[in-house]
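Chains, contacts and geometry: an overview
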Amino acid sequence: MADLRRAWIAITGDELLHGDLIDANGPYLAALLNRCGIEVTRFVGVGDDLCALVSLIRDSMGKTELLVMTGGLGSTADDLTRPAAAAALGLNLAVDDEAHRQVEAFWQSLDRDPAGQVFPEASLPQGATLIPNPKGLAPGFVCEHEDWRMVAFPGVPAELQEMAPRYFEPLADSARRMWQAEVMVSGISESATAEILGDLLDRGREPLIGIAAKEGFLRLTLRARGLGAADKIAVDVAEIESRFAEKVVSAVGHSQVEIISKALRDRGWTLALAESLTGGLLGHQLTEIPGSSEFLIAALVTYADRAKTQVLGVSAALIAEHGVVSQPVAEAMAQGARRTQACDWGLATTGIAGPGGALPGQAVGTAWVAVADPMGRVYGECRVHPGTRSQVKDRVAVHAFDLMRRVLLNLEA
């Protein structure tokens with residue numbers, strides 16, 4: 001049996017090569033394999049071409065211990081993974097009785113009568129081992145030859161993500177597995193982050209730390225392999241938390257929205273939103289959290305000045321004096337949301353999303369966010385967020401939740 005130390009990942013399908021779909025399976029598999037102690041050394045994209053697939057499979061033999069393929073396991077003419085594997089290994093395709101039973105059961109679960117039908121999905125290279133598919137139609141399979149193994153999964157991400165862990169996690173090698181942690185920081189540039197990290201970024205050390213922008217944050221990824229790696233990562237995470245203090249959003253993989261939602265639920269607090277620039281984005285993100293009805297009372301999209309006045313009670317004179325993109329108006333919006341909805345907290349956004357609308361002294365991307373707390377205190381903060389209209393909206397949403405997170409932290413300290 002192959003000692004699985006190195007792997008190639010092959011993503012198949014013309015739709016991926018033509019740009020019709022964005023691959024989600026490759027990154028998922030790479031993370032899973034590394035967690036299991038298998039180093040990914042090559043990614044390959046291959047179209048629905050039998051000769052190309054056969055060539056890839058044969059090329060991987062002797063160059064890696066493991067080839068993981070996704071896609072091409074359906075019943076149409078462009079589903080070629082099974083015949084390609086058989087041809088590469090000099091095998092015939094044959095109906096696998098267990099695969100046939102599983103495919104038949106799938107159709108029966110949809111109240112279809114599959115009696116007497118021929119199922120291409122049930123034909124596997126002779127001697128292949130079946131991988132059950134509990135979420136879909138096409139089973140996966142495994143072929144082995146001397147010190148080499150090929151594992152094939154369907155290309156549907158939900159099916160792959162159900163099947164792959166069940167197959168690979170029992171094979172995990174604790175002495176080689178990759179351990180990983182992620183720390184999210186906010187409100188700081190990448191260069192400033194690198195300066196603060198200093199010696200922790202040395203490329204020869206372990207854990208290895210990388211910096212990448214993600215959804216308005218900076219993501220610090222820590223990776224180390226083998227025994228004792230988890231302890232090394234824990235030491236570095238603690239050091240990062242010490243160096244960055246309140247700029248650390250999460251060191252356990254939780255989003256700002258999750259952190260805020262938990263804090264509100266734990267304290268029995270309620271929240272109302274007053275959104276202008278973000279146009280309902282804050283409300284959308286909060287309502288993606290199960291149980292958000294326990295704390296979210298209202299998400300008010302007060303886009304026009306008239307709505308800010310009529311719905312939130314913001315003074316028209318205040319808007320006229322300071323402009324709608326200003327600290328007084330943002331704070332009045334947060335207070336108005338809290339007051340009119342009888343909530344503990346109010347959170348508001350106002351700004352210039354672009355591409356037009358810049359004002360003297362206020363560039364596109366200028367945004368004020370504000371939080372009103374249960375004691376009636378209000379906190380406003382301004383930042384200029386570069387990007388397209390949708391990017392500005394996304395970044396202002398991050399900014400708004402970040403301000404509220406920091407206010408919550410200070411209140412609970």
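Anything mentioned here points back to the structure above.
Read on for a plain summary of the structure. (Residues numbered from 1 in each chain as written. Predicted model: local features only at pLDDT ≥ 70, side-chain atom pairs only at ≥ 80, totals over all residues. Heavy atoms only, no water.)

1. Remarks on the sheet that holds strand 15 (residues 345-351)
Going by this rule: In this scheme, strands are said to pair when DSSP sees at least two bridges between them. Helix numbers and strand numbers start at the N terminus; a helix is a DSSP run of H or I with at least 4 residues, a strand a run of E with at least 2. Fitted lines through C-alpha atoms give the axes, limited to the stretch in contact for helices. The angle between two N-to-C directions lies from 0 to 180 degrees. We call two residues contacting when some pair of their heavy atoms lies within 4.5 Å.
The five strands are arranged 14-13-15-16-17 in an open sheet whose pairing can be described as mixed. Two strands lie at the open edges of the sheet, namely strand 14 (296-301) and strand 17 (378-384), each paired on one side alone. On average, each strand axis in the sheet is tilted by 10° relative to the strand beside it, whichever way the strands run. When strand 16 (residues 366-372) meets strand 17, the two strands line up antiparallel, connected through seven bridges. Note on strand 17: the bridge partner recorded for V371 is Y379. The strands touched by helix 13 (residues 327-340) are strand 13 (271-275), strand 15, strand 16 and strand 17; relative to strand 15, the strand with the most contacts, the crossing angle is about 145°.

2. Regarding the layout of surface pockets
To keep things clear, this is the line we draw: Cavity means a closed set of points on a 1 Å grid over the protein atoms alone, one where a 1.4 Å probe fits but cannot get out, pocket means an open set with protein on both sides within 12 Å along at least 5 of 7 lines, and lining means a residue has an atom within 4 Å of a point. Grid points are joined across faces, edges and corners, and a volume is the space filled by probe spheres set on the points. Note on residue categories: nonpolar means Ala, Val, Leu, Ile, Met, Phe, Trp, Tyr, Cys or Pro, charged means Asp, Glu, Lys or Arg, and polar means any other residue, Gly included.
In this structure, the second largest pocket spans a volume of roughly 420 Å³. Along its surface, the second largest pocket is lined by 26 residues, and G71, G72, P154, G155 and V156 are the ones closest to its centre. Among the secondary structure elements, those contributing two or more residues to the lining of the second largest pocket are strand 1 (6-12), helix 1 (14-17) and helix 6 (157-168). Partitioning the lining of the second largest pocket into residue classes produces 11 nonpolar, nine polar and six charged.

3. Observations regarding the packing of helix 11 (residues 305-312) against helix 13
Applied cut-off: Less than a right angle of anticlockwise turn of the near helix away from the far helix marks a crossing as left-handed, whereas a clockwise turn marks it as right-handed.
Two elements in contact, helix 11 and helix 13, have axes whose closest approach is 9 Å; the angle formed by their N-to-C orientations is 40°. Between helix 11 and helix 13 the crossing geometry is left-handed. In this structure, helix 11 contributes K308, V311 and L312 to the contact, and helix 13 contributes M333, G336, A337, R339 and T340. Grouping the constituent residues of the contact of helix 11 with helix 13 by class yields four nonpolar, two polar and two charged.

4. Focus: the pairing of strand 11 (residues 217-225)
In the sheet, strand 9 (residues 178-185) pairs with strand 11 via eight bridges, with the strands oriented antiparallel. If you follow E182 over to strand 11, its bridge partner there is T221. Strand direction decides the pairing type here: strand 10 (residues 208-214) and strand 11, joined by seven bridges, are antiparallel. Bridging across to strand 11, A212 finds its partner in R219.

5. Looking at the packing of aromatic side chains
For the record, the criterion: In this scheme Phe, Tyr and Trp rings, the latter by its six-membered ring, pair at centre separations within 6.5 Å, and the angle between planes marks the pair as stacked below 30 degrees, edge-to-face above 60, and tilted otherwise. Two conditions define a charge located above a ring, namely a distance within 6 Å from the ring centre to NZ of Lys or CZ of Arg, and an angle within 35 degrees of the ring normal.
Summed over the entire model, instances satisfying the criterion amount to four aromatic pairs. When the centroid spacing of 5.4 Å and the interplanar angle of 75° are considered together, the rings of F106 and W107 count as edge-to-face. Ring geometry for Y167 and F168: centres 5.0 Å apart, planes at 85°, overall edge-to-face. Among the aromatic side chains, those forming a connected cluster through ring pairs are F153, Y167 and F168. Against the face of W179 rests R177, its NZ or CZ located 3.7 Å from the ring centre.

6. Looking at the pattern of salt bridges
Condition: Throughout this description, the term salt bridge denotes a Lys or Arg side-chain nitrogen within 4 Å of a carboxyl oxygen of Asp or Glu. Buried means the residue's accessible area, taken with a 1.4 Å probe over protein chains only, is under 20% of the maximum for its type, while exposed means over 50%, and partly exposed covers the values in between.
With the rule as written, the count across this model stands at 19 salt bridges. The salt bridge partner of E239 is R243, with a shortest N-O separation of 2.7 Å. One end of the pair, E239, and the other, R243, are both in helix 8 (residues 229-244), four residues apart, so they sit about a helical turn from each other. Judged by its relative accessible area of 28%, R243 is partly exposed. Two residues, R406 and D402, come together in a salt bridge whose shortest N-O distance is 3.1 Å. Taken together, the positions of R406 and D402, both in helix 14 (residues 389-412) and four residues apart, correspond to about one turn of that helix. Among the residues examined, R406 registers a relative accessible area of 12% and is labelled buried. Taken together, the salt bridges that share partners define one network made up of E381, R383, D402, R405 and R406.

These figures capture arrangement, not role.
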